[in-house]
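# Examining the three-dimensional arrangement
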Amino acid sequence: MHQVDFVHGSVGKAILQSALPMFVAQFFNLLYNIVDRIFIGRIPGEGTAALGGVGLCFPIIIIVLAFSNLFGTGGAPLFSIARGRGDDNSAAKIQSVSFFLLSAAAVVITLLGFFLARPLLRLFGASANAMQYALPYLRIYILGTFFSMIATGMNPFLNAQGFPGFGMATVVAGAVMNLVLDPVFIFALHLGVRGAALATVISQALSASFVLWILRSRRVDLKLRVLHPKQWAAVGLYAKDIIGLGTAGFIMQFTNSLVQVFCNATLVRFGGDLYVSVMTIVASVRQVLELPVLAIGEGASPVLSFNYGAGRGDRVRKGIRIMTVTMLLYTLVSWLFVLWHPEWFIRIFTSDHSILKDAVPALHIYFFAFIFQGLQYTGQTTFKSLNKKKQAIFFSLLRKAILVIPLTLLLPHLFGLGTDGVFMAEPISNVVGGSACFLTMLLTVLPELKRLAPARKESSGE
């Protein structure tokens, strides 16, 4: 497949060449869980209840994704920066250590998740009725943790080497498999939610195998080397930096999980189990609409990182401008579609028309300030790509942990807002957190990039 050139030619073209395959990959990656929800929501006689039960598993699934981000998105920008400096030896070691950390974490999470599934679901607010759907789904899903973490965590290294097409292909293969297996296992074999989880695990195993096969092949510039036990002692030399940068992505996903827990618990209190199903639909719509935003960020990240490592501040600044404009335009258009035709999105996930009267206003409230999320992702992507750990971590904490969770607990009690207060926490946090993140990026990163190019010329004698 074609390799993207991060150094020469148009910055916009390089971002586009990375972002388009990443969008397809993100879309099909989302299908793993979205397709499950679409089919589960249509199980005769119990679809809505099953959908709510499986929705209670999302916080745990998000935690698994958080650890993938900790080691995957923490390692990939460092890998790109090292390659930009011409230090392929360090880049190769970063890639190997990231794989080691992902594998070790997957083993621990699998063991803990399987045996603690029931108490965790109870902690997250599962009723006796919801438990009959949530527990079997989660226990099967958690057995595929290794495949999920490798497929998600190592994929960014394909993009970082300029092969987003390979990254796309690995995800598409698994997602198509899931799309085929879901109806067979759920309906034909009458396995219900167990079938949905089993289909997902098999599909993730296919994606993980594909990722490892490519990274171990001659097709990439830097092959993945599995660390020998004698080399494990050297893991700490790189693990600190990988974990330090990946902490921002970890916090973002982990706090997403906490937000889901608090939202579900508060919604059950003020609206009952039905509103957990509503929140599951709203969260699913958000995941769909976030796809292009995530793809733009993932497409821009290796371009920014590589050129930052190479000392090309002008190309980094141009990449940030392109990313900002593209994200703002997309989030504006998406918000307008949600405002005008919310039922289009809701009917993707349920055929129960009675839920529309509760889901439509919830969707309107939740997405009211979606454009400010574009500012948040622009700032976060820039901080992560340029190895700005402190800023990336702080703004990950600010929007979710410091703003959303307290607002979720407080707003339902004010002015009789009830369940509306839960959905209102998201737009408020987008405005405050997104604006603060973007402005801080402008005031701190851009001046450094303006100084970077002249300093590079002086040091190279140009």
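Here's what I pulled together on the structure shown here. (Residues numbered from 1 in each chain as written. Predicted model: local features only at pLDDT ≥ 70, side-chain atom pairs only at ≥ 80, totals over all residues. Heavy atoms only, no water.)

### Comments concerning the overall build of the chain
- Per the secondary structure count, the chain includes 17 helices and zero strands.
- Its C-alpha atoms give the chain a radius of gyration of 22 Å, near enough to 23 Å, the size a compact globule of 462 residues would have.
- Projected onto the principal axes, the alpha-carbon positions of the chain cover approximately 70 × 50 × 35 Å.
- Every one of the 462 residues in the chain was classed for burial, and the buried ones make up 58%.
- Pairs at least 24 apart in sequence give 82% of the contacts found in the chain among residues at least 6 apart.
- Of the roughly 18300 Å² of accessible surface on the chain, 68% is carried by carbon and sulfur atoms. (Helix = DSSP H or I, 4+ residues; strand = E, 2+ residues; numbered from the N terminus. Rg over C-alpha atoms; globule rule 2.2 N^0.38 Å. Buried < 20%, exposed > 50% of the residue type's maximum accessible area, 1.4 Å probe, protein only. Contact = heavy atoms within 4.5 Å. Areas by Shrake-Rupley, 256 points an atom, 1.4 Å probe, with all protein chains shown as cover.)

### Considerations on the packing of helix α12 (residues 313–340) against helix α13 (residues 342–349)
- Taken N-terminus to C-terminus, the directions of α12 and α13 make an angle of 85 degrees; their axes are 5 Å apart at the nearest point. Taken together, the axis directions place α12 and α13 in an arrangement best described as roughly perpendicular. In contact with F337, V338, L339 and W340 of α12, α13 contributes P342, W344 and F345.
- Classifying every residue of the contact of α12 with α13 by side-chain character gives seven nonpolar, no polar and no charged. (Axes fitted to C-alpha atoms, helices over the stretch in contact; angles between N-to-C directions. Parallel < 35°, antiparallel > 145°, perpendicular 65-115°, else oblique. Nonpolar A, V, L, I, M, F, W, Y, C, P; charged D, E, K, R; others polar.)

### Topic: the nonpolar core
- Counting residues in hydrophobic clusters, the biggest one holds 70 residues, and the most contacted among them are I40, V97, L121, Y137 and M154.
- Element by element, the count of residues in this core is highest for helix α3 (residues 58–84), at 10 residues.
- Apart from residues no more than four positions distant in its own chain, M154 is found in contact with Q95, F99, L102, M149, V211, L215 and L224.
- Counting residues in hydrophobic clusters, the runner-up holds 31 residues, among them A14, M327, L386 and M441. (Core = buried A, V, L, I, M, F, W, Y, C linked by side-chain atoms within 4.5 Å.)

### A word on the packing of aromatic side chains
- Under the defined criterion, the tally for this structure stands at 14 aromatic pairs.
- Ring geometry for F383 against F395: centres 6.0 Å apart, planes inclined by 5 degrees, an arrangement best described as stacked. Highlighted residues: F383 in helix α15 (residues 371–385) and F395 in helix α16 (residues 389–410), separated in sequence by 12 residues. Neither F383 nor F395 differs from the other in exposure class; each is buried.
- Seen in terms of ring centroids, F394 and F395 are 5.0 Å apart; in terms of plane orientation they differ by 80 degrees. Their pairing is edge-to-face.
- The class for F395 is buried, based on a relative accessible area of 5%.
- Its guanidinium or amino end placed over the ring of F114, R139 lies 5.5 Å from that ring's centre, counting from NZ or CZ. (Phe/Tyr/Trp six-rings, centres within 6.5 Å; stacked < 30°, edge-to-face > 60°. Lys NZ or Arg CZ within 6 Å of the ring centre and 35° of its normal.)

### Examining the packing of helix α4 (residues 88–115) against helix α7 (residues 145–160)
- Relative orientation of the contacting elements α4 and α7 amounts to 160 degrees, with a least axis distance of 9 Å. By the angle between their axes, α4 is roughly antiparallel relative to α7. You can see that α4 and α7 cross each other, and the crossing is right-handed. Within the contact between the two elements, α4 uses Q95, S98, F99, L102, S103, A105, A106, I109 and T110 and α7 uses T145, F146, M149, I150, G153, M154 and F157.
- Classifying every residue of the contact of α4 with α7 gives 10 nonpolar, six polar and no charged. (Left-handed = near helix turned anticlockwise from the far one by under 90°.)

### Examining unusual backbone geometry
- Positive phi is not limited to glycine here, since H190 has a value of about 60 degrees.
- Within the secondary structure, H190 is located in the loop between α8 (164–188) and α9 (192–215).
- The phi dihedral of N387 falls on the positive side, at around 65 degrees, and the residue is not glycine.
- Turning to its location among the elements, N387 is positioned in the loop between α15 and α16.

### Quick word on a nonpolar patch on the surface
- A surface patch of nonpolar side chains, amounting to about 590 Å² of accessible area, comprises V107, V108, L111, L112, F115 and L116.
- Assignment of secondary structure puts L112 in helix α4. (Patch = residues over 30% accessible without salt bridge, like charges linked within 9 Å, V, L, I, M, F, W, Y side chains within 5 Å. Salt bridge = Lys/Arg side-chain N within 4 Å of Asp/Glu carboxyl O.)

### Topic: the pattern of salt bridges
- Applying the stated rule across the entire model yields five salt bridges.
- Of the charged contacts, one joins D221 and R83 as a salt bridge, the two residues approaching to 3.3 Å between their closest N and O atoms. Placement of D221 in the loop between α9 and α10 (235–271) and of R83 in helix α3 is noted, with a sequence separation of 138 residues between them.
- On the basis of relative accessibility, which here comes to 42%, the residue D221 falls in the partly exposed class.
- You can call R83 buried: its relative accessible area is 16%.

### With respect to the environment of I243
- Position of I243 among the secondary structure elements: in helix α10.
- Between the C-alpha atom of I243 and that of L70, which follows or precedes it by 173 residues, the distance is 5.9 Å.
- If sequence neighbours within four positions are ignored, I243 has contacts with L70 and F71.

### Considering α3
- In this model, α3 (27 residues) spans 37 Å end to end at C-alpha, consistent with the 39 Å of a helix rising 1.5 Å per residue.
- Of all the bends in α3, the largest measures some 30 degrees and sits at N69.
- In terms of burial, α3 is a largely internal element, 24 of the 27 residues being buried. (Expected span 1.5 Å × (residues − 1). Bend = angle between axes of the 7 residues up to and from the residue.)

### Considerations on empty space enclosed by the protein
- Counted according to the given criterion, the structure contains six cavities of 30 Å³ or more.
- Reported here for the second largest cavity is a volume of approximately 100 Å³.
- If you go around the second largest cavity, the residues you meet are T73, A76, P77, S80, P156, N159, A160, E298, S301, P302, S305 and K384.
- The set of elements that each furnish at least two residues to the lining of the second largest cavity consists of α3, α7 and α11 (273–309).
- Here the lining of the second largest cavity is built from residues that sort into five nonpolar, five polar and two charged. (1 Å grid on protein atoms, 1.4 Å probe; cavity = no way out; pocket = protein on both sides within 12 Å on 5 of 7 lines; lining within 4 Å. Points joined across faces, edges and corners; volume = space filled by probe spheres on them.)

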